[in-house]
2 protein chains.
Amino acid sequence: MQICSIPSIAKLLISMKIHVPELPMIMWVVLISSIPLNNLLIKNIHPYYINIGRDQHKLSWSRGAAEEAEAVASISCSGHGRVALDGMFIEGKPICQCNSCYGGDDCSILLPDCAVDAHSGNPRFLEPYWRKNAASSTVVVAGWHRLGYTYEDDSYMSRELGNVIQKLHAVVGNANTTGKYILFGAGATQLLNAAIMSLSQPPSQHSNDGGNCLLRTNVVASAPFYPVCKMQTEMYNSLNFKWRGDPSSWKNKSDSSENFIEVVTSPSNPEGKLKDPVLKGASVKTIYDYAYYWPHYTGISSPANTDLMIFTLSKLTGHGGSRFGWAFVKDKAVYERMAHYLEVNSVGASQDAQLRALVLLRTVLKDDGREFFGFGHKTLRERLVKLNRSLSKSKRFSLQKLSPHNCSFFNQVTDPSPAYGWVKCVREEDRDCAAVLKSAGILGKKGSYFSADDKYVRLNLIGNQDDFDLLLRRMDTLVSQE
Amino acid sequence: MQICSIPSIAKLLISMKIHVPELPMIMWVVLISSIPLNNLLIKNIHPYYINIGRDQHKLSWSRGAAEEAEAVASISCSGHGRVALDGMFIEGKPICQCNSCYGGDDCSILLPDCAVDAHSGNPRFLEPYWRKNAASSTVVVAGWHRLGYTYEDDSYMSRELGNVIQKLHAVVGNANTTGKYILFGAGATQLLNAAIMSLSQPPSQHSNDGGNCLLRTNVVASAPFYPVCKMQTEMYNSLNFKWRGDPSSWKNKSDSSENFIEVVTSPSNPEGKLKDPVLKGASVKTIYDYAYYWPHYTGISSPANTDLMIFTLSKLTGHGGSRFGWAFVKDKAVYERMAHYLEVNSVGASQDAQLRALVLLRTVLKDDGREFFGFGHKTLRERLVKLNRSLSKSKRFSLQKLSPHNCSFFNQVTDPSPAYGWVKCVREEDRDCAAVLKSAGILGKKGSYFSADDKYVRLNLIGNQDDFDLLLRRMDTLVSQE
C-alpha cells in the first residue's frame, strides 16, 4: 500500500503538477465523503478496537467460536424452529430443529394431521425473552476453564452463583433463606432424592445388615402430584424408605410410631394451586418443591420459609436441560447428609451448568427481574385467558379454577397464570380424557399419571408459542363440534 | 450525520461556491489521506465485517461475552494461577485463583511451609494443551440455546456427541463399541451407581415389600480400589444389593446361590495397573471402569470389549467439574434399566456439559488425537521418570512397579505413565506413610482409603505443573534426609 501513504500521495500530486480544479467532480465527491466515512467506521464499527478503558480489546481465541455461534443462530427457520450449535448436520449443513407440527428444511410447513404436543412439561415459553436479551445471556467458555473437580474453596459449588441466587430470592421475595444452608444439585429431581434419602436416615442408626427392612420411613404425596418422588422411591428400593402413596389415611392420627416424609409441590403440578401438607407432627418431615413459586406462575404472597425448600432453574428460566437446582436446608445434619449424597451420587452439579445459571440469573436480575417476570407472567396469563375463553363455551370440558393472589413482587393482586391446564372431561361416558383429546389431535398427559382419575388430563401451557397456538386451535375446533 | 452524506456535501460545496484551489494544504492532506485510511480500516481491521462466504459476519450479541471472557483470561496470575469467569471478585475486580502453595494478588508468591496437595485426583495437567488450542475449544452458548429438557429426538442425549464419542474410540482403539448401547451420565460416578442398581435387579422380580431383604446381590471390588462404589452401595442401603468388600473369599467357589457384581477399574486407581476381575461365572456381573484406559495413562494393547464399560470426560480431558461420562452396555434390558435410573435420578446429564464435551472432543480429534494424547503421555511419563529417579535413591520409600505396554495408538511399546504414584513406606516403623509424608509437607491419600495398608499412600501425578514440581522438591528433600 506504499502508493497510498499520505506523504507519497502528496508528492505524487505535486509531481504530477495536477491543477486541482481540473480533478473531475467525482474525485471531489470521493475525497470529501471519505472523511465522514472514516468517522463512521471508527466510531460505529470499531467499538472494541478503540481502547475505552480496560474492557475492550481485539478478539482473538474466542472470535471463531463466536462467529460460528452467530452464524448458526442466524439461519432462518421461519420463526417455527431453530438451529442448535450441537444439533444435527446433513452434508455439513446444520438443520433446523422445528417446533412440533412444523416441517420442511426451514420449518415453514405446517404439517397436516399432526398431533400437538401438550404432553411434556418442556418449558420453552421464555425463548423470546432470551433472544431479546441475547447479549447479556451469552456464555463464552474457554477450553481451560475450570479443569478439575472443585472451586477455589475446594467445594463443588460456585460461591458467586450462591450469592446471585440469594439475591434473586431477596428481590423476588419468594423465599426466606436466612439461617439456611444452600446446596446445588442436578435439578430439583436429584435434590428430591437427596432429601428423601437424607430425611429417612435415623440419626443414630445406620442399618446395612438387612435386619430393619420393615421399619422404613413412609414417603407420601397427595394426589394429584407429579410422580417423580414415587418413581425414585420405588426404584431405590431402599431399606430406609418406602412409597406409601396418599397421606390421607394417616391424617389426624396421633400414632407416631411410623415416620413420614411428605412431598409437597406448591404451586402444585398439575393443578397450579398453592398447596399445604396433609400431615403434621413430630414424626413427619416435609419436603417443599417450590419449582413453580415464581411470579410467572403465581402471586408471591410471602416468602416461603420452611425447613427444606427446593428450587430449579428448569421452571425459572426454561433451561431444563442444564440440570441445575438448589435447595435451602435448615437442619445441619440433614444438610450434611444431603451434601454427602450429592457428592457420592454425582460429585455435585455440573460446573458448566453452574456457569450458565450464573449468567442467566444475572440477566434476570439486571432490572430486578421486572422485564423477565413481567414477560413470563404476561405470556402465561394470556394463554390461560385464551384457553379459558375456549373452554367456557364447552359443556364437555372444564378447566381448573384458580384464584388471583396478592403478589408482593408485582405489588398488586395478580391473576392466575399456571404452568398447566388441568382439564376435566365432565361427561359420564368420557372416562379417558386424554384419549378424547388425542382423537382431536391434542396429546396431553393422562390423569392417572398424577394418581388422579383419567377423566383429567394435563396440558402444557409453558411450551413455545407455536405449541400453544396449535393447542388452542385444536381445542376451539373440538369445542365447536359439541 | 445528515450533513455528511455524499450528495449533501457536494451540494454544500457548490452552494458555498468555494474555489477549490483556495482550500488550505492541510485540507488536501486530510482529504487525500482519508481514502487509504478507509481502505485500511475496511480491509485489515474488519475481517469479519467483510462477508467472505457464509462463515464470517459482524459479531453482535456474542461480542460482549467474548470480550469479557478474553479480558478475564488475559489477567496475569504469574503463570501460577488463573482467573475464572465465574470466580470470586473483590470490589468488582476478579481475583486470581492461585495454584496450591502460591499466593499474593497475582499468585507470584511461593508460600513458605505450605503442604503440597497431592491428595486429590484433580486432573489439571492438560491445561497447557487447552490453552494452546484455545480457539477450537471455546464454546459460545446463546441464552436461548436448548430450552426444555430434550434433544430433537426427544432423548436426553446429544446424538452428535454420541457420534463423536464413537469416532474417538475408533481412532484411539480403546473400546469396541459395536453392537452396544450408549448412555450418558453425570460422570462415571453416576453411571456406576446406575450400573449397580440395574445389574442387581433380578429381571422377573421387583420387591417393594421388604420381604427379600436378605437376598441381596453382593457388590465387591479387590483392593486397592477407589471406594466410591462402596460409599454408594452403603449409602443407598438398598434391598437389591449390599457391599461385601473383597471378592477373594468367593474366588474359585462354584456355589452360585449368591449373585455378585464386581467393579473393576482398569488401569486401576491407585496403582495404574491393568486389572482383571477376580470372580467369574454365571452369577457374576462385572462393571468395568475404564476411566484411565487412554493413551496418556497406559499403552492401548487392544480395544476393551466387555458387556458394561464406563468412561469419563474427567480423566480424559481434565474437565472433572463438567460431570459427564458415558457407558457402553451390551444387554438391552440392563441398558433400559440404566436409562430409567438416569432419568429418574437426574433427568440425564447436563446439556451444557454435553455441548462442552462435544467441542472439547472435536478439538482432541482434529488430528486424530496425536497432539492431545502425545502431550498427555509425555507429561505424565516425564513426571513418573522424575519421581522414580527421586525415589530410586531412597531406602525408605518405594514406588509401584509398572510395565511398558504395547500401544496400538502410538504404534510402539509405551513406557508407564500412570495417573498416581502409589508409594510404600518400607520401614517397619513407618506404619502411617501419609503421616510420614505430611510431616515433610506432602499431602497424600492414605492407603486405608483404598482398603489397603496405611503403609501405602497415593500421590496425585495429574495435577498442574506447579503441584508436581513442588511435590518433587519435597520428595527430594525428604529422600536426601535419609
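Since the structure is predicted, the reported quantities are computational estimates derived from the model, not experimental observations.

J.: Honestly, the overall build of chain A in this entry has me stumped. Any pointers?
T.: A count of helices and strands for chain A gives 14 helices and 22 strands. Residues classed as buried in chain A amount to 57% of the 482 residues present. Within chain A, contacts between residues separated by at least 24 positions form 69% of all contacts whose residues are at least 6 apart in sequence. Counting only carbon and sulfur atoms, one obtains 52% of the accessible surface of chain A, whose full area is about 20,000 Å².

J.: What is the right way to look at the UniProt feature "domain: Alliinase EGF-like" (unreviewed entry) in chain A in this model?
T.: In the numbering adopted here, UniProt assigns the feature "domain: Alliinase EGF-like" (unreviewed entry) to residues 60–114 of chain A. Spanning residues 60–114 of chain A, this segment combines 20% helix with 22% strand, and its end C-alpha atoms are found 47 Å apart.

J.: Help me understand the environment of V329(B) in this model?
T.: One can find V329(B) in strand 15 (residues 325–329). With 58 residues separating them along the chain, V329(B) and E271(B) place their C-alpha atoms 26 Å apart.

J.: Help me understand the packing of aromatic side chains in this model?
T.: How two aromatic rings sit relative to each other is given by the distance of their centres and the angle of their planes. Residue and element names in this part refer to chain A. Evaluated as defined, the whole model comprises 57 aromatic pairs over all chains. Ring centres of W422 and F450 lie 5.6 Å apart, and the angle between their planes is 85°; this geometry places the pair in the edge-to-face category. Separated by 28 residues along the polypeptide, W422 in strand 19 (residues 420–425) and F450 in the loop between strand 21 (445–446) and strand 22 (456–460) bring together distant segments of the chain. Centroid distance W422 to Y456: 5.0 Å. Interplanar angle 10°. Geometry classified as stacked. A residue pair is termed long-range when its members are at least 10 positions apart, and W422 in strand 19 and Y456 in strand 22 qualify at 34 residues. A cation over an aromatic ring shows up here: K445 above the ring of Y449, its NZ or CZ 4.6 Å from the ring centre. The residue whose ring lies beneath R458 is Y420, and the NZ or CZ to ring-centre distance is 3.9 Å.

J.: Just to check I follow, could you spell out the packing of helix 7 (residues 187–199) of chain B against helix 10 (residues 332–346) of chain B for this structure?
T.: Angle between the axes and distance between the axes are the two parameters that describe a pair of packed helices. Residues and elements named next belong to chain B. Where helix 7 meets helix 10, the axes come as close as 9 Å, and the angle between the chain directions of the two elements is 125°. The angle between helix 7 and helix 10 falls in the class oblique. Every pair of crossing elements has a handedness; the one defined by helix 7 and helix 10 is right-handed. Counting all contacts with helix 7, which are made through Q190, L191, N193, A194, A195, M197, S198 and L199, the residues of helix 10 involved are V334, R337, M338, Y341, L342, N345 and S346. Partitioned by chemical class, the residues of the contact of helix 7 with helix 10 number nine nonpolar, five polar and one charged.

J.: Could you clarify how one ought to interpret the domain arrangement of chain A in this entry?
T.: Often, the extent of an interface is quoted as the loss of accessible area on bringing the components together. All names here are of chain A. For chain A, the assigned domains read domain 1 (6–58), domain 2 (71–114), domain 3 (117–128 + 370–480) and domain 4 (159–205 + 213–365). Computed over C-alpha atoms only, the centres of domain 3 and domain 4 are separated by 25 Å. If you look at the interface, domain 3 gives 30 residues, while domain 4 gives 30 residues. Summed over both partners, the interface of domain 3 with domain 4 buries about 2,400 Å², with 65% contributed by carbon and sulfur atoms. There are zero salt bridges connecting domain 3 and domain 4. Put simply, domain 3 and domain 4 have six residue pairs in polar contact (both at pLDDT 80 or more) between them. Only helix 12 (370–392), strand 17 (405–407) and strand 19 provide two or more residues apiece to the side of domain 3 that touches domain 4. With five residues, the single largest contributor to the side of domain 3 that touches domain 4 is helix 12.

J.: Would you explain the environment of C101(A) in this entry?
T.: Residue and element names in this part refer to chain A. When you line up the elements, C101 lands in the loop between strand 4 (97–98) and strand 5 (102–103). Judged by its relative accessible area of 4%, C101 is buried. Remark: the alpha-carbon pair of C101 and S257, spanning 156 residues in sequence, is separated by 54 Å. With sequence-adjacent residues up to four places away left out, C101 is seen in contact with I109, L110, L111, C114, A115, V116 and L470.

J.: Just to check I follow, could you spell out the pairing of strand 10 (residues 217–220) of chain B for this structure?
T.: All names here are of chain B. Residues T217 and V219 point to one face of strand 10 and N218 and V220 to the other, with burial holding for every one of them. One ladder, built from four bridges, connects strand 10 with strand 11 (residues 241–245); its direction is parallel. Note on strand 11: the bridge partner recorded for V219 is W243. With helix 8 (residues 228–236) bridging strand 10 and the parallel strand 11, this β-α-β connection has right-handed handedness. Pairing of strand 10 with strand 12 (residues 260–265), which is carried by three bridges, proceeds in the parallel orientation. Across the sheet, residue V219 finds its bridge partner in strand 12, namely I261.

J.: Got a minute to help me understand the side chain of D467(A) in this structure?
T.: All names here are of chain A. In this structure, D467 sits in helix 14 (residues 465–480). Of the side chains with opposite charge, R124 lies nearest to the buried D467, which makes no salt bridge, at 5.5 Å. Not counting residues up to four positions away in its chain, the partners in contact with D467 are S100, V116 and D117.

J.: Just checking my understanding: could you explain empty space enclosed by the protein for this structure?
T.: To find leftover empty space, one rolls a probe the size of a water molecule over the atoms. Within this structure, the stated rule accounts for ten cavities of 30 Å³ or more. In this structure, the largest cavity occupies an estimated 200 Å³ of space. Per-element tally for the lining of the largest cavity: the top contributor is helix 3 (residues 63–73) of chain A, with three residues. Split by residue class, the lining of the largest cavity holds twelve nonpolar, three polar and four charged. Approximately 130 Å³ is the volume found for the second largest cavity. Among the elements that make up the lining of the second largest cavity, the one with the highest residue count is helix 3 (residues 63–73) of chain B (three residues). For the lining of the second largest cavity, the class distribution of residues is ten nonpolar, one polar and two charged.

J.: Could you clarify how one ought to interpret unusual backbone geometry in this entry?
T.: Backbone geometry follows two general trends: most residues other than glycine have a negative phi, and most peptide bonds adopt the trans configuration. With omega at 25°, the peptide bond leading from N269(A) into P270(A) counts as cis. Mapping P270(A) onto the fold places it in the loop between strand 12 (260–265) and strand 13 (284–289). With an omega of -5°, the peptide bond running from A223(B) to P224(B) counts as cis. Note that P224(B) resides in the loop between strand 10 and helix 8. The backbone phi angle of D113(A) is positive, close to 55°, even though this residue is not glycine. When you line up the elements, D113(A) lands in the loop between strand 6 (109–110) and strand 7 (116–117). Unlike most non-glycine residues, N411(A) shows phi in positive territory, near 55°. Its location among the elements puts N411(A) in the loop between strand 17 and strand 18 (412–414).

Cut-off values and rules
Residues numbered from 1 in each chain as written. Chains lettered and ligands numbered in written order. Predicted model: local features only at pLDDT ≥ 70, side-chain atom pairs only at ≥ 80, totals over all residues. Heavy atoms only, no water. Helix = DSSP H or I, 4+ residues; strand = E, 2+ residues; numbered from the N terminus. Buried < 20%, exposed > 50% of the residue type's maximum accessible area, 1.4 Å probe, protein only. Contact = heavy atoms within 4.5 Å. Areas by Shrake-Rupley, 256 points an atom, 1.4 Å probe, with all protein chains shown as cover. UniProt positions renumbered as here; feature names shortened; annotations may be inferred. Phe/Tyr/Trp six-rings, centres within 6.5 Å; stacked < 30°, edge-to-face > 60°. Lys NZ or Arg CZ within 6 Å of the ring centre and 35° of its normal. Axes fitted to C-alpha atoms, helices over the stretch in contact; angles between N-to-C directions. Parallel < 35°, antiparallel > 145°, perpendicular 65-115°, else oblique. Left-handed = near helix turned anticlockwise from the far one by under 90°. Nonpolar A, V, L, I, M, F, W, Y, C, P; charged D, E, K, R; others polar. Domains from an automatic or database assignment. Buried area = accessible area lost by both parts, 1.4 Å probe. Salt bridge = Lys/Arg side-chain N within 4 Å of Asp/Glu carboxyl O. Polar contact = N/O pair within 3.5 Å; in protein donor to acceptor, adjacent residues only side chain to side chain. Pairing = 2+ DSSP bridges. Right-handed = clockwise from strand over helix to strand, strands pointing away. Lys, Arg positive; Asp, Glu negative; His and termini not counted. 1 Å grid on protein atoms, 1.4 Å probe; cavity = no way out; pocket = protein on both sides within 12 Å on 5 of 7 lines; lining within 4 Å. Points joined across faces, edges and corners; volume = space filled by probe spheres on them.

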